[in-house]
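# A structural walkthrough
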Amino acid sequence: PPGGPRRTRPATREAMIPARSDLANRVATGQAAGLLEHIRDPLFRNAYTLIFSTGLTSVLGLIYWVLVARLYSPGEVGANAAVISSLVFLAGLSMLNLRPLLSRFIPIAGQRSVRLAVSAYATCLAVAATAAIVYLAGSQVWASNGPITTLRRDPGLTLLFVAGTMAWTIFQLQDGLLIGLRATGMLTIENALFGVAKMVLVVAFAALTLVPGYAITMSWVLPMVAAVAIVNLIVFRWLFPRHMRARPLTDPIVRAATIVRLAAADYLGSLFALSYVALLPVIVINEVGAVAGGRFYIVWVISSTLQLIAPQMIASLTVETASDPSTFHVQGRRMLIGMLRILVPIGAVAVIGAPIILSVFGSTYGGDVRLLQLLVIAILPYSVNTLFIALLRVTVRPRRIVVIQASLAGLILGFTVLLIRPFGLEGVGMAFLAGQSIVAAVVLATSLRPLLVRAPAKSYASDP
């Protein structure tokens, strides 16, 4: 009506488009800012760096062995594989599982950081040298027909084997130092250069016919020795001084008795873990034969690759909560959510795409789809149990580490023996899933229950 309020004409569709575009841009900008902030968080930045480093190492390792298979005879590959496997096995035992403990205590060791690292190095080097010598001396008993016996007859090859075992031990231990010093980027560079150097040397040795017989082993040992020398020069010359200036005080928990007690329990627990990882294929072969065992091993290797994600992420959590275990509730909850965001979609793709994944390896493995699906699903409770073991390391509860690992070993191996006959290889997948799930359910209902609620229901703290 005349003199009344003027009606506002409705916005046309064309006029609304800029407004919608502006809103979409603001949403996209906010999401990008949130993602950038998430990546900058040390908890997740180091975790993702470790995952990337592991993935890169796996890819480079695969390419390396493809080159080896094409450049060397099956006999040379088999002989060198036996030597390299022996090096890796002995170094794994000789590390005494100190790598995660260095990541646990280095962040809070202050002025004792160098002493702690040197003590770990010296102890493990002595064990590695002794283990290599004993292994060679007794090779007539457990490797009478293999290449290991030929090493002991040649002083130069004997020295190569002992030095290689010691170098591989330090090569693995220094990763724990780099994680504890929050230098995960350097760890990625180290692994990348090591992988490339191996490939360059193995190709060069084949082209120039250098180092006959053990060229493949030398392509491992030489860059490994170089990596150990260069990385530790950087660590002790620059990273440790910077670390001790930033945190000069030593946490009271960093005592020899505490570290030895936790190391002994952690090492014993790792042996239980090794039993259900290494013995599972042996039990399968013993129960259902070598052919079925070979099928199982391929599927086991595929699922084991996905199992590497959780430990790498949780290594970052250990570092970030080492100085104040009471923060484990908040940080542990964030890490649990972060792991699920990665593992659930990857696991879903692996479960749905299991037939396609196995078809890459040939028609022989087409009947093992259900086994792969069960092992992939088991990665979720496995990650929960790995998170609980991290809590036990951070709060220094050594006895519970042994209990949790012994429980997992007993349940998984026991269920495997019971289920493999009636259900075949699927029974092994059921056993692994059941064992991991039972333990995960218990720890989620008890010690990890505070992580399921947003408000802190309890404060985690280290044992005195």
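Attention here is on the structure that accompanies the text.

Reading the values: the criteria
Residues numbered from 1 in each chain as written. Predicted model: local features only at pLDDT ≥ 70, side-chain atom pairs only at ≥ 80, totals over all residues. Heavy atoms only, no water. Helix = DSSP H or I, 4+ residues; strand = E, 2+ residues; numbered from the N terminus. Buried < 20%, exposed > 50% of the residue type's maximum accessible area, 1.4 Å probe, protein only. Contact = heavy atoms within 4.5 Å. Core = buried A, V, L, I, M, F, W, Y, C linked by side-chain atoms within 4.5 Å. Salt bridge = Lys/Arg side-chain N within 4 Å of Asp/Glu carboxyl O. Phe/Tyr/Trp six-rings, centres within 6.5 Å; stacked < 30°, edge-to-face > 60°. Lys NZ or Arg CZ within 6 Å of the ring centre and 35° of its normal. Axes fitted to C-alpha atoms, helices over the stretch in contact; angles between N-to-C directions. Nonpolar A, V, L, I, M, F, W, Y, C, P; charged D, E, K, R; others polar. Patch = residues over 30% accessible without salt bridge, like charges linked within 9 Å, V, L, I, M, F, W, Y side chains within 5 Å. Areas by Shrake-Rupley, 256 points an atom, 1.4 Å probe, with all protein chains shown as cover. Parallel < 35°, antiparallel > 145°, perpendicular 65-115°, else oblique. Expected span 1.5 Å × (residues − 1).

### A closer look at the overall build of the protein chain
Along the backbone of the protein chain there are 19 helices and zero strands. Out of the 464 residues in the protein chain, the part that is buried amounts to 47%. Long-range pairs, those at least 24 residues apart, make up 80% of the contacts in the protein chain between residues at least 6 apart in sequence.

### Here's the deal with the nonpolar core
Counting 132 residues, the largest nonpolar core has Phe 105, Phe 161, Met 339 and Leu 387 as its most contacted members. Broken down by element, the residue count for this core peaks at 13 residues, all from helix 10 (residues 215-246). Every residue in contact with Met 339, bar those within four places of it in the chain, is listed here: Ala 310, Met 313, Ile 314, Ser 383 and Leu 387.

### Considering the pattern of salt bridges
With the rule as written, the count across this model stands at five salt bridges. In this structure, Arg 182 engages Glu 320 in a salt bridge whose closest nitrogen and oxygen atoms are separated by 3.0 Å. Placement of Arg 182 in the loop between helix 8 (155-180) and helix 9 (184-208) and of Glu 320 in helix 13 (residues 309-321) is noted, with a sequence separation of 138 residues between them. You can call Glu 320 buried: its relative accessible area is 16%. In this structure, Arg 295 and Asp 368 form a salt bridge, with 2.6 Å as the shortest nitrogen-oxygen distance. Of the two residues, Arg 295 is situated in helix 12 (residues 290-307) and Asp 368 in the loop between helix 15 (354-359) and helix 16 (369-377); the sequence distance between them amounts to 73 residues. Residue class for Asp 368 comes out buried when judged on its relative accessible area of 2%.

### Quick word on unusual backbone geometry
Of note, the phi angle at Asn 97 is positive, near 55 degrees, even though the residue is not glycine. Mapped onto the elements, Asn 97 comes out in the loop between helix 3 (74-94) and helix 4 (98-105). Unusually for a residue other than glycine, Val 396 sits at a positive phi of about 55 degrees. By secondary structure assignment, the location of Val 396 is in the loop between helix 17 (379-394) and helix 18 (398-423).

### Points about the packing of aromatic side chains
Throughout the structure, instances matching the rule amount to 13 aromatic pairs. Judged by centre distance (6.3 Å) and plane angle (65 degrees), the ring pair of Tyr 121 and Phe 236 falls under edge-to-face. Within this pair, whereas Tyr 121 is found in helix 5 (residues 113-137), its partner Phe 236 is found in helix 10, the two being separated by 115 residues in sequence. Classification of Tyr 121 as buried rests on a relative accessible area of 10%. One aromatic cluster in this structure is built from Tyr 64, Trp 65, Trp 168, Phe 171, Phe 194 and Trp 220. The ring centre of Phe 105 lies 5.0 Å from the NZ or CZ of Arg 104, which sits over that ring. Lying across the ring of Trp 220, Lys 198 places its NZ or CZ 4.1 Å from the centre.

### Focus on the packing of helix 3 against helix 10
Here helix 3 crosses helix 10 at 35 degrees, and the two axes come no closer than 8 Å. Together, Glu 76, Val 77, Asn 80, Val 83, Ile 84 and Leu 87 of helix 3 and Ala 215, Ile 216, Thr 217, Trp 220 and Val 221 of helix 10 make up the contact between the two elements. Of the residues in the contact of helix 3 with helix 10, the class split is eight nonpolar, two polar and one charged.

### Some thoughts on a nonpolar patch on the surface
Together, Leu 268, Leu 271 and Leu 274 give the surface a local cluster of nonpolar side chains, amounting to about 230 Å² of exposed area. Mapped onto the fold, Leu 271 is located in helix 11 (residues 256-288).

### Things to note about the environment of Ile 148
Residue placement: Ile 148 occurs in helix 7 (residues 148-153). Sequence-wise, Ile 148 and Val 83 are 65 residues apart; in three dimensions their C-alpha atoms are separated by 6.6 Å.

### Thoughts on the environment of Pro 381
As for its placement among the helices and strands, Pro 381 is situated in helix 17. Since its relative accessible area comes to 11%, Pro 381 is described here as buried. Expressed as a C-alpha distance, the spacing of Pro 381 and Ala 434, which sit 53 residues apart in the sequence, is 9.3 Å. For Pro 381, the contacting residues outside a window of four places in its chain are Leu 433, Gln 436, Ser 437 and Ala 440.

### A word on the packing of helix 16 against helix 19 (residues 425-445)
Put simply, helix 16 and helix 19 touch, their axes get as near as 8 Å, and they point 5 degrees apart. With respect to their mutual orientation, helix 16 and helix 19 come out roughly parallel. Counting all contacts with helix 16, which are made through Arg 370, Leu 371, Leu 374, Leu 375 and Ile 377, the residues of helix 19 involved are Leu 425, Glu 426, Gly 429, Met 430, Phe 432 and Leu 433. Residues belonging to the contact of helix 16 with helix 19 are distributed by class as follows: eight nonpolar, one polar and two charged.

### Focus: the side chain of Gln 373
Residue placement: Gln 373 occurs in helix 16. Residues in contact with Gln 373, not counting those within four places in the same chain, are Val 351 and Ala 354.

### Let's talk about the environment of Leu 173
Its location among the elements puts Leu 173 in helix 8. Residue classification places Leu 173 among the buried residues on the basis of a relative accessible area of 0%. Distance in space between the C-alpha atoms of Leu 173 and Leu 98 is 7.1 Å, their sequence separation being 75 residues. Apart from residues no more than four positions distant in its own chain, Leu 173 is found in contact with Met 95, Leu 98, Arg 99, Leu 102, Ala 120, Tyr 121 and Cys 124.

### Focus on helix 13
For helix 13, with 13 residues, the first-to-last C-alpha span of 19 Å sits near the 18 Å given by 1.5 Å per residue. Buried within helix 13 we find Ile 309, Ala 310, Gln 312, Met 313, Ile 314, Ala 315, Ser 316, Leu 317, Thr 318, Val 319, Glu 320 and Thr 321.

### A closer look at the side chain of Asn 46
Mapped onto the secondary structure, Asn 46 falls in helix 2 (residues 42-71). Taking the relative accessible area as the measure of exposure, Asn 46 reaches 5% and is therefore buried. Not counting the four nearest positions on each side in its chain, Asn 46 is found in contact with Arg 182, Thr 184, Ser 316 and Glu 320.

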